[in-house]
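# Survey of secondary and tertiary structure
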Amino acid sequence: MSNLAQRLITAVVAIPLVFGLLWFNDISRIALMCFLGGVGAWEWAGMARKMYQGPDMRAFSFVSSFALTLAWALSKGGFFGIAQPVPGAVGMTCVVILAGYIAMAYSKVEIEKLFPWLVMHISAPLYVGLWGGMNVLMMGNGQRGLESCYPFILVMTSMWLCDTVAYFFGKFAAGKGPFGRHLFAPSISPKKTWEGSVAGTIATVAWVAYWSSCSSALSAFHVEIDLVKGVVLGLLIAIAGQAGDLLMSALKRWSNTKDSGNLFVGHGGVLDRCDSFLLAAPMLYILLDFMEKMF
């Protein structure tokens, strides 16, 4: 079976499954994010393990990211029938995670490699768990339907659009006609071009500005988004998404890894498919939270 056929089959199965879990209720939404965050941390730990000798931390990274995403949900309150936020849920979870990594480093890692090993492995649940947590905070609790997940769906579709437009524009338009072909980050991702990046950014800004103009699109944050705010949101999301994409590309190149995993057949792993999403989602949540409190 060709790679294209595998990609299409995976997309046909995965997209309805994701939207079905988002639609069903808060437990299915949180379960989705906990699972994806755990798998992403597992993949990160696997790449770090290639570069630094030490204990296999993939299982611990999975559990840590899973727990941290869940802790963010508990810190919001309203999920699982718990009306009030659980005090210190995120902080205590981080303390336990850090203690576990530090204890493992002290007991199993040679002193010459201790600090780089520790930094690379701790980064997995903290970075991926932050992504999972911010996504959970952008989701509604309890009710069935997609309306309460609109902020999450906005950033998810924005990154899909940005990546797709950047890829096809860079592949087919850059270097032809009036468009040049200027490499974006040749030492990290040799195929990315400035032309593709700009095209993806413009598409993202237009999409976010359009979506934000809908009255119920971001109602969960109780903030009015006009055209100017929509453009600013789209621009910052696009920048954050492409920075996250490059970070994952750098991690894979550093560890000499082609695909971070194989959860999505034909597409790679969570870190392959959600690389731009990992930084864009926290960026959107922070910006919306800021606007809600300031405006």
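Description of the structure in this document.

## Examining the overall build of the protein
For the protein, the count of helices and strands is 10 helices and 2 strands. Ordered by position from the N terminus, the helices and strands of the protein form the series α-α-α-α-α-α-β-β-α-α-α-α. Relative to the 2.2 N^0.38 estimate, which gives 19 Å for 295 residues, the radius of gyration of the protein is 20 Å and therefore close to what a compact globule would have. When its C-alpha atoms are laid out on the principal axes, the protein stretches across 60 × 50 × 40 Å. The 295 residues of the protein split such that 47% are buried.

## Here we look at the side chain of serine 255
In this structure, serine 255 sits in the loop between helix H8 (227–254) and helix H9 (270–273). Residue serine 255 is classed as buried on the basis of its relative accessible area of 3%. In this structure the side chain of serine 255 is engaged in a polar contact, spanning 2.9 Å, whose partner is the side chain of threonine 257.

## Here we look at the pattern of salt bridges
Here the structure, examined in full by the defined rule, presents 5 salt bridges. Lysine 192 is paired through a salt bridge with aspartate 245; the nearest N and O atoms lie 3.6 Å apart. A residue pair is termed long-range when its members are at least 10 positions apart, and lysine 192 in strand E2 (residues 189–193) and aspartate 245 in helix H8 qualify at 53 residues. When its relative accessible area of 25% is taken as the criterion, lysine 192 is described as partly exposed. With a closest N to O distance of 3.9 Å, lysine 258 and aspartate 259 form a salt bridge. Judged by its relative accessible area of 37%, aspartate 259 is partly exposed. Bridged by salt links that share partners, the residues Arg49, Asp56 and Arg58 form one connected network.

## What to know about the environment of glycine 78
Within the fold, glycine 78 resides in the loop between helix H3 (58–76) and helix H4 (89–108). Separated by 78 residues in sequence, glycine 78 and methionine 156 place their C-alpha atoms 23 Å apart. Those residues in contact with glycine 78 that lie beyond four places of it in its chain are Asp26, Ala83 and Asn141.

Definitions and limits used
Residues numbered from 1 in each chain as written. Predicted model: local features only at pLDDT ≥ 70, side-chain atom pairs only at ≥ 80, totals over all residues. Heavy atoms only, no water. Helix = DSSP H or I, 4+ residues; strand = E, 2+ residues; numbered from the N terminus. Rg over C-alpha atoms; globule rule 2.2 N^0.38 Å. Buried < 20%, exposed > 50% of the residue type's maximum accessible area, 1.4 Å probe, protein only. Polar contact = N/O pair within 3.5 Å; in protein donor to acceptor, adjacent residues only side chain to side chain. Salt bridge = Lys/Arg side-chain N within 4 Å of Asp/Glu carboxyl O. Contact = heavy atoms within 4.5 Å.

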